[in-house]
Amino acid sequence: MSDSGVHTDPHALDELSDLASSEHAGVGPDGAVAGYSARRTLGLGVELRRQLKRRRTQLLLGFVAILPFILVIAFEAGQSNPNRRSGGFVDLATASAPNFVVLALFVSGTFLLPMIVALFFGDTIASEASWSSLKYLLAIPVPRHRVLRQKAIVSGILSASALILLPLVSLGVGVIWYGAGDAISPTGDAVSFGDSLLAIALSTLYIILQLAWVAGLALALSVTTDAPLGAVGGAVLVAILSQILDQITALEGLRNYLPTHYGFSWMDLISTDVDWTNLASGLLSATIYGTVFFLYAGRRFATKDITS
């Protein structure tokens, strides 16, 4: 018995001493414990599985999958004419499966698609901070730049998956309900079903790349605040504000510098004569904005005092 009244087991102490003496705590060339490799920490598969198990990921992907069915029900409940050959994208939505896909992307482009990207990127770091698990993740130890990179890559994979899932499901639903006909543009051009599939694939790719600015902004906000809702909501708010300003014709040429100005340039692909000017400008704008935001996020996270 010790002076403090705490009983100790001599045999247990001997066993712990033997175990400690058998431990090898060598130091590698880089000063780290022998056997430690930063490249083996926080693997992409581990992080991807963690994110896929989260309820918000499952609900969001589920909503994206059922959205085309909701649109079909809306058209069936209304008085849409499946044989229309003129009008806008909404009027032509039931003309064929490609037109239905175009409608799904069109009605989602203003709010839903930016929100999807903002949710995955804005929630990734801020949620760890709000759970007070970020400091323990870094103490594993996982280098800061690796934490940010791995989480950004997984967020990109989930965002791209959701953005691809929408046109895929829409195409399947459209073929069943409206047939695999030609895509009819508002200008009256008829694009064959095969060419329209290529146009839809390129449109989806353009949307993914163009929303890189939302991803960068949401990630920058995520490393700045400990509130996931603030990071996600801030990115969505900026996207909505940019869209509002883009409607003000008094701004004239200044609207070209808004990140959302070329957000719907993908619709130029649904035509027999594609004008690539706006598409190239949209990709350039997204690249510049996205690069600035991602670089800021990396710099901010590298120097931030992690307390949660």
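1. Overview of the overall build of the chain
Along its length, the chain carries eleven helices and two strands. What you see in the chain, going N to C, is helices and strands ordered as α-α-α-α-α-α-α-β-β-α-α-α-α. Across the 308 residues that make up the chain, the buried fraction comes to 41%. Restricting to contacts in the chain with at least 6 residues of sequence separation, those with at least 24 account for 76%. Taken as a whole, the chain presents about 16100 Å² of accessible surface, with 64% of it coming from carbon and sulfur.

2. Section: the packing of helix 5 (residues 112-130) against helix 7 (residues 144-178)
At a minimum axis distance of 9 Å, the contact between helix 5 and helix 7 shows a crossing angle of 155°. On the basis of the axis angle, helix 5 is roughly antiparallel to helix 7. The hand of the helix 5/helix 7 crossing is right-handed. Together, Leu113, Ile116, Val117, Phe120, Phe121, Thr124, Ile125 and Glu128 of helix 5 and Val147, Leu148, Lys151, Ala152, Ser155, Gly156, Leu158, Ser159, Ala162, Leu163 and Leu166 of helix 7 make up the contact between the two elements.

3. With respect to the layout of surface pockets
Size it by volume and the largest pocket reaches roughly 230 Å³. The wall of the largest pocket is formed by 15 residues, among which Gly109, Gln243, Thr260, Gly263 and Phe264 lie closest to the centre. Secondary-structure elements contributing two or more residues to the lining of the largest pocket are helix 5, helix 8 (193-210) and helix 10 (228-246). Among the elements that make up the lining of the largest pocket, the one with the highest residue count is helix 10 (three residues). Here the lining of the largest pocket is built from residues that sort into eight nonpolar, six polar and one charged. Together, Val117, Phe121, Gly156, Ser159, Ala160, Leu163, Ile208, Leu211, Ala212, Ala215 and Phe294 line the second largest pocket. Contributing elements (two or more residues each) for the lining of the second largest pocket: helix 5, helix 7 and helix 9 (212-222).

4. A few points about helix 8
Three or four residues apart is the spacing at which side chains of an α-helix point the same way, because the helix has 3.6 residues per turn. Given a rise of 1.5 Å per residue, 18 residues ought to cover 26 Å, and the 25 Å separating the end C-alpha atoms of helix 8 matches this to within 8%. Within the sequence span of helix 8, burial applies to Ser196, Ala199, Ile200, Ser203, Thr204, Tyr206, Ile207 and Gln210. The arc enclosing the buried residues of helix 8, seen along the axis, measures out at 160°, which places them on a common side.

5. Details of the packing of helix 5 against helix 10
Where helix 5 contacts helix 10, the axes come no closer than 7 Å and their chain directions differ by 155°. As far as their axial angle goes, helix 10 and helix 5 are roughly antiparallel. Relative to helix 10, the crossing made by helix 5 is right-handed. Of helix 10, the residues touching helix 5 (which contributes Pro114, Met115, Ala118, Leu119, Gly122, Asp123, Ala126, Ser127 and Ser130) are Pro228, Ala231, Val232, Ala235, Val236 and Ala239. Considered class by class, the residues forming the contact of helix 5 with helix 10 number eleven nonpolar, three polar and one charged.

6. What to know about the confidence of the model for the chain
Mean pLDDT for the chain: 87, with 84% of residues reaching 70 or above. Per-element averaging of pLDDT across the chain places helix 1 (residues 10-22) at the bottom with 61 and helix 9 at the top with 97.

7. Details of the packing of aromatic side chains
On inspection of all chains with the given rule, the structure shows five aromatic pairs. A ring pair is formed by Phe100 and Tyr178, whose centres lie 5.6 Å apart and whose planes are at 50°; its orientation type is tilted. Taken together, the residues Phe100 in helix 4 (residues 97-108) and Tyr178 in helix 7 connect sequence positions 78 residues apart. A single burial state applies to Phe100 and to Tyr178, both of which are buried. A centroid spacing of 6.3 Å and a plane angle of 70° characterise the contact between Phe121 and Phe294, whose relative ring orientation is edge-to-face. A residue pair is termed long-range when its members are at least 10 positions apart, and Phe121 in helix 5 and Phe294 in helix 11 (residues 277-303) qualify at 173 residues. For Phe121, a relative accessible area of 6% puts it in the buried group. Looking at Phe294, the relative accessible area reads 31%, which means it is partly exposed.

8. Re the nonpolar core
Core analysis: the largest hydrophobic core is formed by 69 residues, its most contacted members being Ile116, Ile125, Val147 and Phe301. Filtering out sequence-adjacent residues up to four positions away, Phe301 remains in contact with Ile125, Leu134, Arg144, Val147, Leu148, Val223 and Ile306.

9. Brief notes about the environment of Tyr262
With respect to the helices, strands and loops of the structure, Tyr262 is situated in the loop between helix 10 and helix 11. Along the backbone, Tyr262 and Ser281 are 19 residues apart, and their C-alpha atoms lie at a distance of 7.3 Å. Beyond its immediate chain neighbours, meaning those up to four positions away, Tyr262 contacts Tyr206, Gln210, Asn256, Asn278, Ser281 and Gly282.

10. Details of the pattern of salt bridges
For the structure shown, the criterion picks out seven salt bridges. With a closest N to O distance of 2.9 Å, Glu47 and Lys151 form a salt bridge. Of this pair, Glu47 sits in helix 2 (residues 44-52) while Lys151 sits in helix 7, and the two are 104 residues apart along the sequence. Residue Glu47 is classed as buried on the basis of its relative accessible area, which comes to 0%. Take Lys151: its relative accessible area is 1%, and that puts it in the buried class.

Procedures and definitions
Residues numbered from 1 in each chain as written. Predicted model: local features only at pLDDT ≥ 70, side-chain atom pairs only at ≥ 80, totals over all residues. Heavy atoms only, no water. Helix = DSSP H or I, 4+ residues; strand = E, 2+ residues; numbered from the N terminus. Buried < 20%, exposed > 50% of the residue type's maximum accessible area, 1.4 Å probe, protein only. Contact = heavy atoms within 4.5 Å. Areas by Shrake-Rupley, 256 points an atom, 1.4 Å probe, with all protein chains shown as cover. Axes fitted to C-alpha atoms, helices over the stretch in contact; angles between N-to-C directions. Parallel < 35°, antiparallel > 145°, perpendicular 65-115°, else oblique. Left-handed = near helix turned anticlockwise from the far one by under 90°. 1 Å grid on protein atoms, 1.4 Å probe; cavity = no way out; pocket = protein on both sides within 12 Å on 5 of 7 lines; lining within 4 Å. Points joined across faces, edges and corners; volume = space filled by probe spheres on them. Nonpolar A, V, L, I, M, F, W, Y, C, P; charged D, E, K, R; others polar. Expected span 1.5 Å × (residues − 1). Arc of directions from axis to C-beta. pLDDT = per-residue confidence, 0-100. Phe/Tyr/Trp six-rings, centres within 6.5 Å; stacked < 30°, edge-to-face > 60°. Core = buried A, V, L, I, M, F, W, Y, C linked by side-chain atoms within 4.5 Å. Salt bridge = Lys/Arg side-chain N within 4 Å of Asp/Glu carboxyl O.

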